[in-house]
Amino acid sequence: MLANFNRALRLPFTSASILPYIFGSFIVKEYFNLHTFCLGLIAVVGMHLNSNLMNDCADSKSSADWQDKKFYGFFGGSKLIQEGALSERWYFGWSIFFAGCSVAAVIVLCLILKSPIAFYAFLFILALAWSYSHKPLQFSYRRMGEFVIFVLFGPALVMGAYYIQSSIFPDPKSFMLSLPFGFFTTGILFANEIPDYPEDKKCAKFTWVSILGPKRSYLLYVMIMGAGVFSIIANVFLSYLSNISLFSLLLLPLMFKAAAILKKHTDDKEKLIQSSKLTILIQALASIILIVDAII
């Protein structure tokens, strides 16, 4: 049961939200407060887990995850509903629990900060996360899911963390610094959407893969990941980051390798697992480099 619980939550993927949050918290180190940092971290992890569970529940209801019942680990959902191990009701119940944990953390945070801004922002993020896969908006079914992920894992996390520590919002600098995280995490989503395309198409779930088709979607992948690299260079040029962040350019060979896999093995899901792994690795390593830069 514990293994299923971990698989349903997709805990390892929370690094995609934890790392940008840590970076945003250290943009201006003299503001750092451990108590508010921990409360914000609880809210961030709770929202991520809530979204993971709610997304599986929604994709089960729409039948998207029923088209291919094999568990791949990186795309196609956790498949525990399809295997009969857990129910949609279980996913929904636990997603509400984690959302509740986030709400509680944000309320305490607002009391400490003596401002309701964090709560209003949280409500917006919660609505956006819910609408990613749930009706009536279902952004991920209308070629808007990628934009939602960009906002949630880029500006929302970095600017939110910066606000928690500095009480400054909005802030042009923290927005610019959020862009690499938004692009790289969108790249993870996009890499995972390519192997899901045949099943998504059957359920009228249209992602950016449907714009060029799976055979040419590697071009969009290169553009998304390239935008992440360019945004790092732009931040260095603006002196928001130091030259330390340019070490992320060493990740370019991994990006091209992932793109080559997406181009060559479009119809082979087992091979495409490698492109997903590489993209996750790129996002994690780039995030760590930027965090080190922020701290130093």
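Below is a short write-up of the structure. None of these values were measured; they are calculated from a predicted model.

On inspection of all chains with the given rule, the structure shows 15 aromatic pairs. Residues Phe-23 and Phe-181 carry aromatic rings whose centres are separated by 4.9 Å and whose planes lie at 40° to one another, so their mutual orientation is tilted. In this pair, Phe-23 sits in helix α2 (residues 15-25) while Phe-181 sits in helix α8 (residues 172-202), placing the two residues 158 residues apart along the sequence. Classification of Phe-181 as buried rests on a relative accessible area of 1%. Every member of this aromatic cluster is reached through a ring pair, and the members are Phe-5, Trp-90, Tyr-91, Trp-94, Phe-97 and Phe-98. Over the aromatic face of Phe-71 sits the side chain of Arg-7, whose NZ or CZ is 3.8 Å from the ring centroid. In this structure, Lys-205 packs its charged tip against the face of Tyr-141, placed 5.1 Å from the ring centre.

The first and last C-alpha atoms of helix α7 (residues 155-166) sit 15 Å apart over twelve residues, in line with the 16 Å expected at 1.5 Å per residue. Of all the twelve residues making up α7, ten are buried; the element is thus mostly covered by neighbouring parts of the structure. Residues of α7 that are buried: Pro-155, Leu-157, Val-158, Met-159, Ala-161, Tyr-162, Tyr-163, Ile-164, Gln-165 and Ser-166. Positive backbone phi, at 65°, marks Ser-167, one or two positions downstream of α7.

Turning our attention to the packing of helix α3 (residues 34-61) against helix α5 (residues 117-133). It is at 8 Å that the axes of α3 and α5 come closest, and there the two elements cross at 25°. Considering their axes alone, α3 and α5 lie roughly parallel with respect to each other. Crossing geometry of α3 relative to α5 is assigned as right-handed. Here Met-47, Asn-50, Ser-51, Met-54, Asn-55 and Ala-58 of α3 lie close against α5, whose contacting residues are Phe-122, Ile-125, Leu-126, Ala-129, Trp-130, Tyr-132 and Ser-133. For the contact of α3 with α5, a count of residues per class yields nine nonpolar, four polar and no charged.

For Ser-217, the location among the structural elements is in helix α10 (residues 217-237). From its side chain, Ser-217 meets the backbone oxygen of Val-209 in a polar contact 3.4 Å long. Beyond its immediate stretch of four places on either side in the chain, Ser-217 contacts Phe-190, Ile-194 and Val-209.

Time to look at the state of the cysteines. Tallied over the full model, the rule gives zero disulfides. With no disulfide partner, Cys-110 has as its closest neighbouring cysteine sulfur the one in Cys-101, 16 Å distant. The class for Cys-110 is buried, based on a relative accessible area of 12%.

Look at the link from Lys-135 to Pro-136: it is a cis peptide, with omega at 5°. Inspection of the secondary structure assignment puts Pro-136 in the loop between α5 and α6 (145-153). With a phi angle near 70°, Ser-239 is a residue other than glycine that sits in the positive phi range. Tracing the sequence through the fold places Ser-239 in the loop between α10 and α11 (252-264).

Using the criterion set out here, one finds eight salt bridges in the structure. Arg-10 is the partner of Asp-56 in a salt bridge, and the nearest nitrogen-oxygen pair spans 2.9 Å. Taken together, the positions of Asp-56 in helix α3 and Arg-10 in the loop between α1 (2-9) and α2 put the pair 46 residues apart, joining distant regions of the chain. The two residues Asp-56 and Arg-10 agree in class, both being buried. Between Lys-269 and Asp-68 there is a salt bridge, with the nearest N and O atoms lying 2.9 Å from each other. A residue pair is termed long-range when its members are at least 10 positions apart, and Lys-269 in helix α12 (residues 269-295) and Asp-68 in the loop between α3 and α4 (88-113) qualify at 201 residues. Accessibility classification places Lys-269 together with Asp-68 in one group, the buried group. One salt-bridge network, in which partners are shared between bridges, spans Asp-68, Glu-199 and Lys-269.

Turning to the environment of Tyr-72, a few remarks are in order. Tracing the backbone through its elements, the reader meets Tyr-72 in the loop between α3 and α4. On the basis of relative accessible area, Tyr-72 is assigned to the buried category, the value being 13%. Note: C-alpha distance between Tyr-72 and Phe-175 (103 residues apart in sequence) is 34 Å. When neighbours within four sequence positions are excluded, Tyr-72 is seen to be in contact with Lys-269, Glu-270 and Ile-273. Within polar-contact distance, the side chain of Tyr-72 engages the side chain of Asp-68 at 2.8 Å.

Here is what the cut-offs are and how they apply
Residues numbered from 1 in each chain as written. Predicted model: local features only at pLDDT ≥ 70, side-chain atom pairs only at ≥ 80, totals over all residues. Heavy atoms only, no water. Phe/Tyr/Trp six-rings, centres within 6.5 Å; stacked < 30°, edge-to-face > 60°. Helix = DSSP H or I, 4+ residues; strand = E, 2+ residues; numbered from the N terminus. Buried < 20%, exposed > 50% of the residue type's maximum accessible area, 1.4 Å probe, protein only. Lys NZ or Arg CZ within 6 Å of the ring centre and 35° of its normal. Expected span 1.5 Å × (residues − 1). Axes fitted to C-alpha atoms, helices over the stretch in contact; angles between N-to-C directions. Parallel < 35°, antiparallel > 145°, perpendicular 65-115°, else oblique. Left-handed = near helix turned anticlockwise from the far one by under 90°. Contact = heavy atoms within 4.5 Å. Nonpolar A, V, L, I, M, F, W, Y, C, P; charged D, E, K, R; others polar. Polar contact = N/O pair within 3.5 Å; in protein donor to acceptor, adjacent residues only side chain to side chain. Disulfide = S-S within 2.5 Å. Salt bridge = Lys/Arg side-chain N within 4 Å of Asp/Glu carboxyl O.

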